[in-house]
Amino acid sequence: MSDQLYNQLTEIKPFINKGDIENNKVSKKGTYWHIDHSLQILNSICEVLEHSNPGDYQPKFSFTKFIIMKTGYIPRGKGRAPKQTLPQNIKTKEELLIELDKAEKAIKNLNTLPSNKTFRHPLFGWLNLEDTIKFMGIHTHHHIKILRDIVK
């Protein structure tokens, strides 16, 4: 179930080894910012899922969620991440590698979670475990595409 996420982490690692690269034509933020943000999202959502209470789950239709989950596409520059997921300081290569290792372990742990675990997305509302993993893949892919374009 989480194989796609693990493969995405494998794709992110070479970007860490290239150093922090900036390209203002693509993004106001450099590669390390995008990597840090992606890893923060993965690690924090995995932690929330692990400690979630399935009784809190209250599904509700969201048009934005429907479109993004169906298309697998997040438009650039349209969404705004919650403040707590925005990197405040640029991490070093070593710090990013530690976060990457933490994310690998957290993603492997997803396969052991009960299927009734949930996550409340700030825009989409409640997501079940399967939809949460799908969202994490869509979000990570969004930032991988930005990383590729920055480095081009």
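Preceding this paragraph is the structure being described.
Residues numbered from 1 in each chain as written. Predicted model: local features only at pLDDT ≥ 70, side-chain atom pairs only at ≥ 80, totals over all residues. Heavy atoms only, no water.

A. Structural detail: the overall build of the chain. Along the chain, the regular secondary structure elements total five helices and two strands. Secondary structure elements in the chain, listed N-terminal to C-terminal, are α-α-α-α-β-β-α. Against the 2.2 N^0.38 benchmark of 15 Å for 152 residues, the chain shows a C-alpha radius of gyration of 15 Å, consistent with a compact globule. Each of the 152 residues in the chain was classed as buried or not, and the buried ones make up 43%. In the chain, 82% of the contacts between residues at least 6 apart in sequence involve partners at least 24 apart. Here the chain has roughly 8,900 Å² of accessible surface; of this, 52% comes from carbon and sulfur atoms. (Helix = DSSP H or I, 4+ residues; strand = E, 2+ residues; numbered from the N terminus. Rg over C-alpha atoms; globule rule 2.2 N^0.38 Å. Buried < 20%, exposed > 50% of the residue type's maximum accessible area, 1.4 Å probe, protein only. Contact = heavy atoms within 4.5 Å. Areas by Shrake-Rupley, 256 points an atom, 1.4 Å probe, with all protein chains shown as cover.)

B. How the structure looks around the environment of Ile 45. One can find Ile 45 in helix H2 (residues 31-51). On a C-alpha basis, the gap between Ile 45 and Thr 118 in space is 9.6 Å, while along the polypeptide they are 73 residues apart. When neighbours within four sequence positions are excluded, Ile 45 is seen to be in contact with Phe 119, Thr 132, Phe 135 and Met 136.

C. Molecular detail of the packing of H2 against helix H4 (residues 93-110). One way to put it is that H2 packs onto H4 with a least axis distance of 9 Å and a crossing angle of 35 degrees. The crossing of H2 and H4 is left-handed. Of H4, the residues touching H2 (which contributes Tyr 32, Ile 35, Asp 36, Leu 39, Leu 42, Asn 43, Cys 46, Leu 49 and Glu 50) are Lys 93, Leu 96, Glu 99, Leu 100, Lys 102, Ala 103, Ala 106, Ile 107, Asn 109 and Leu 110. Residue composition of the contact of H2 with H4, grouped by class: 12 nonpolar, two polar and five charged. (Axes fitted to C-alpha atoms, helices over the stretch in contact; angles between N-to-C directions. Left-handed = near helix turned anticlockwise from the far one by under 90°. Nonpolar A, V, L, I, M, F, W, Y, C, P; charged D, E, K, R; others polar.)

D. Quick peek at the pairing of strand S2 (residues 125-128). Bridge count for strand S1 (residues 118-121) against S2 is four bridges, and the pairing is antiparallel. Note on S2: the bridge partner recorded for Phe 119 is Leu 127. In textbook terms, the turn of a hairpin is the stretch between consecutive antiparallel strands, and for S1 and S2 this stretch comprises three residues. (Pairing = 2+ DSSP bridges.)

E. Inspection of the layout of surface pockets at higher detail. There is about 1,200 Å³ of room inside the largest pocket. If you go around the largest pocket, you meet 38 residues; those closest to its centre are His 37, Gly 79, Arg 80, Ala 81 and His 139. Those elements that place two or more of their residues in the lining of the largest pocket are H2, helix H3 (63-71), S1 and helix H5 (129-151). In terms of residue count, H2 provides more of the lining of the largest pocket than any other element does, eight residues in total. Of the residues in the lining of the largest pocket, the class split is 17 nonpolar, 15 polar and six charged. (1 Å grid on protein atoms, 1.4 Å probe; cavity = no way out; pocket = protein on both sides within 12 Å on 5 of 7 lines; lining within 4 Å. Points joined across faces, edges and corners; volume = space filled by probe spheres on them.)

F. Main features of a positive patch on the surface. On the surface, a cluster of positive charge is contributed by Lys 28, Lys 29, Lys 78 and Arg 80. Looking at the secondary structure, you find Lys 78 in the loop between H3 and H4. (Patch = residues over 30% accessible without salt bridge, like charges linked within 9 Å, V, L, I, M, F, W, Y side chains within 5 Å. Salt bridge = Lys/Arg side-chain N within 4 Å of Asp/Glu carboxyl O. Lys, Arg positive; Asp, Glu negative; His and termini not counted. Charge placed at Lys NZ, Arg CZ, Asp CG, Glu CD.)

G. Expanded view of the pattern of salt bridges. According to the stated counting rule, one finds five salt bridges in the structure shown. The salt bridge involving Arg 148 is made with Glu 11; its shortest N-O contact spans 2.6 Å. Residue Arg 148 is found in helix H5, and its partner Glu 11 is found in helix H1 (residues 3-17); the two are separated by 137 residues along the sequence. You can call Arg 148 partly exposed: its relative accessible area is 35%. Residue classification places Glu 11 among the partly exposed positions, given a relative accessible area of 30%. Across the pair Arg 76 and Asp 149 runs a salt bridge whose closest N-O atoms are separated by 2.7 Å. With Arg 76 in the loop between H3 and H4 and Asp 149 in helix H5, this pair connects stretches of sequence that are 73 residues apart. Here Arg 76 falls in the partly exposed class, since its relative accessible area comes to 36%.

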